[in-house]
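# Results of the structural survey
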Amino acid sequence: MDYVLEVEDVRVEFGGIVAVDGAGFRLRPGQILALIGPNGAGKTSLLNVVSGFYRPKRGRVVFMGRDITRVPPHKRAAMGLARTFQHSELFKHMTVVENIMAGLEPWRRYSILDAALWTGRARDWEEWARWKAEQVIDLLELHRYRDSIVEGLPPGIQKRVDLARALAQDPKVVLMDEPMAGLSREEKEDLARAIVEVNETQGVSFVLVEHDLEVVMDLCDWVVAMESGRVISEGPPEKVARDPKVVEAYLGG
Ligand SMILES: Nc1ncnc2c1ncn2[C@@H]1O[C@H](COP(=O)(O)OP(=O)(O)O)[C@@H](O)[C@H]1O
Ligand SMILES: [Mg+2]
């Protein structure tokens with residue numbers, strides 16, 4: 001398969017506003033792709049079409065060769081298309097391990113009655129989910145925080161928990177909207193390292209909406225630059241960063 005994800009000619013409108021105007025991109029297996037562009041360029045809207053939270057007016061999303069444009073978000077997650085959240089929407093009063101397990105709810109196959117009677121099926125899910133959670137806790141080195149309440153953890157750790165929750169779902173592709181926002185320089189480096197490691201060891205592909213061009217240059221294999229809902233430039237990071245259209249869009253924005 002040449003591409004794990006193909007996003008074609010997407011248009012998103014909000015009332016009279018055209019947020020995305022015929023944009024798209026293609027993601028190769030194992031690639032880390034960055035969506036960049038000034039505020040209001042349509043990056044979040046495009047990502048929300050990919051995750052299924054927005055229904056596009058026009059266009060197509062193809063995941064692993066299958067048209068998923070009309071597939072609801074939770075089913076996309078189950079197919080291997082996971083996402084993290086722009087403003088971390090973790091359950092603040094639950095622990096790290098509980099948050100990761102909560103991300104596995106869609107895989108829960110038993111009824112309320114099973115749970116009430118604590119049947120084998122309920123126990124099996126619980127055991128499996130805990131095992132999956134422990135695997136990603138290992139992978140992202142979150143041992144120290146396993147039983148900590150999420151609220152009160154540093155922002156960089158919360159981002160890592162958010163990533164862990166997505167990874168527990170065994171995704172092929174992870175979508176992240178501005179994962180570095182609000183992080184210190186050191187936290188950014190830690191998160192970038194975690195993303196690279198997951199990419200290299202697990203073969204997971206990433207689409208990152210990212211503002212910080214330095215992060216993009218370090219981390220990404222392919223960059224898609226947007227302005228006013230359209231793709232204005234695309235290619236390897238060094239090339240896109242020097243494209244006069246991109247430079248102008250950033251200075252103007
Ligand atoms: N839910 C919404 N309702 C109305 N307008 C929106 C909504 N989301 C985004 N927009 C508008 O769509 C355009 C693109 O926004 P967005 O996708 O958030 O861009 P970016 O993530 O690149 O900053 C902007 O003009 C924004 O004001
Ligand atoms: Mg945005």
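Refer to the structure presented above.
In this report, the structure presented in the accompanying data block is examined. Computed from a predicted model, the values in this text were never measured in an experiment.

## Section: the sheet that holds strand β4 (residues 58-63)
In spatial order, the strands read β2-β1-β4-β5; together these four strands make up an open sheet with antiparallel pairing. Looking at strand neighbours, the two that pair on one side only are β2 (17-27) and β5 (66-67), the edges of this open sheet. Looking at chain direction, β4 and β5 are connected through two bridges and run antiparallel. Each residue of the ladder has a partner; that of phenylalanine 63, found in β5, is arginine 66. Across the face of the sheet, helix α1 (residues 43-51) comes into contact with β1 (5-14), β2 and β4 while running at roughly 120 degrees to β1.

## Concerning the environment of arginine 60
Residue placement: arginine 60 occurs in strand β4. Remark: the alpha-carbon pair of arginine 60 and alanine 249, spanning 189 residues in sequence, is separated by 26 Å.

## Digging into the site of ligand 1
Around ligand 1 lies a shell formed by Phe14, Ala19, Pro38, Asn39, Gly40, Ala41, Gly42, Lys43, Thr44, Ser45 and Tyr54. Interatomic distance of 2.7 Å between a backbone N/O atom of glycine 40 and an oxygen atom of ligand 1. Contact distances for ligand 1 include 2.8 Å between an oxygen atom and a side-chain N or O atom of lysine 43. A total of 560 Å² of accessible area belongs to ligand 1 in isolation, and the protein chains cover 63% of it. Here the element with the most residues in the shell around ligand 1 is α1; it accounts for three residues. For the shell around ligand 1, a count of residues per class yields five nonpolar, five polar and one charged.

## Brief notes about α1
Since the α-helix turns once every 3.6 residues, residues separated by three or four places project in the same direction. The buried fraction of α1 amounts to eight of the nine residues, a majority that puts the element mostly inside the structure. Among the residues making up α1, those that are buried are Lys43, Ser45, Leu46, Leu47, Asn48, Val49, Val50 and Ser51. Glycine 52 sits one or two positions beyond α1 and adopts a positive phi of about 100 degrees.

## Quick word on a negative patch on the surface
A contiguous patch of negative charge, built from Asp138, Glu141, Glu197 and Glu200, is present on the exposed surface. Mapped onto the elements of the fold, glutamate 197 is located in helix α7 (residues 185-202).

## A few points about the packing of helix α6 (residues 155-167) against α7
Where α6 meets α7, the axes come as close as 9 Å, and the angle between the chain directions of the two elements is 15 degrees. The angle between α6 and α7 falls in the class roughly parallel. In terms of crossing hand, the pair formed by α6 and α7 is right-handed. Note on element contacts: α7 touches α6 through Glu187, Asp190, Leu191, Ile195 and Val198, opposite Pro155, Gly156, Lys159, Arg160, Leu163 and Leu167. Residues of the contact of α6 with α7, tallied by class, amount to six nonpolar, one polar and four charged.

## Considering the layout of surface pockets
The calculated volume of the largest pocket comes to roughly 350 Å³. The wall of the largest pocket is formed by 20 residues, among which Ala77, Arg83, Phe85, Gly103 and Gln169 lie closest to the centre. Mapped onto the lining of the largest pocket, the elements with two or more residues apiece are α2 (73-79), β6 (81-83) and α6. Looking at which element gives the most residues to the lining of the largest pocket, the answer is α2, with four residues. Classifying every residue of the lining of the largest pocket by side-chain character gives ten nonpolar, five polar and five charged.

Cut-offs applied
- Residues numbered from 1 in each chain as written.
- Chains lettered and ligands numbered in written order.
- Predicted model: local features only at pLDDT ≥ 70, side-chain atom pairs only at ≥ 80, totals over all residues.
- Heavy atoms only, no water.
- Pairing = 2+ DSSP bridges.
- Helix = DSSP H or I, 4+ residues; strand = E, 2+ residues; numbered from the N terminus.
- Contact = heavy atoms within 4.5 Å.
- Axes fitted to C-alpha atoms, helices over the stretch in contact; angles between N-to-C directions.
- Near = heavy atom within 4 Å.
- Polar contact = N/O pair within 3.5 Å; in protein donor to acceptor, adjacent residues only side chain to side chain.
- Areas by Shrake-Rupley, 256 points an atom, 1.4 Å probe, with all protein chains shown as cover.
- Nonpolar A, V, L, I, M, F, W, Y, C, P; charged D, E, K, R; others polar.
- Buried < 20%, exposed > 50% of the residue type's maximum accessible area, 1.4 Å probe, protein only.
- Patch = residues over 30% accessible without salt bridge, like charges linked within 9 Å, V, L, I, M, F, W, Y side chains within 5 Å.
- Salt bridge = Lys/Arg side-chain N within 4 Å of Asp/Glu carboxyl O.
- Lys, Arg positive; Asp, Glu negative; His and termini not counted.
- Charge placed at Lys NZ, Arg CZ, Asp CG, Glu CD.
- Parallel < 35°, antiparallel > 145°, perpendicular 65-115°, else oblique.
- Left-handed = near helix turned anticlockwise from the far one by under 90°.
- 1 Å grid on protein atoms, 1.4 Å probe; cavity = no way out; pocket = protein on both sides within 12 Å on 5 of 7 lines; lining within 4 Å.
- Points joined across faces, edges and corners; volume = space filled by probe spheres on them.

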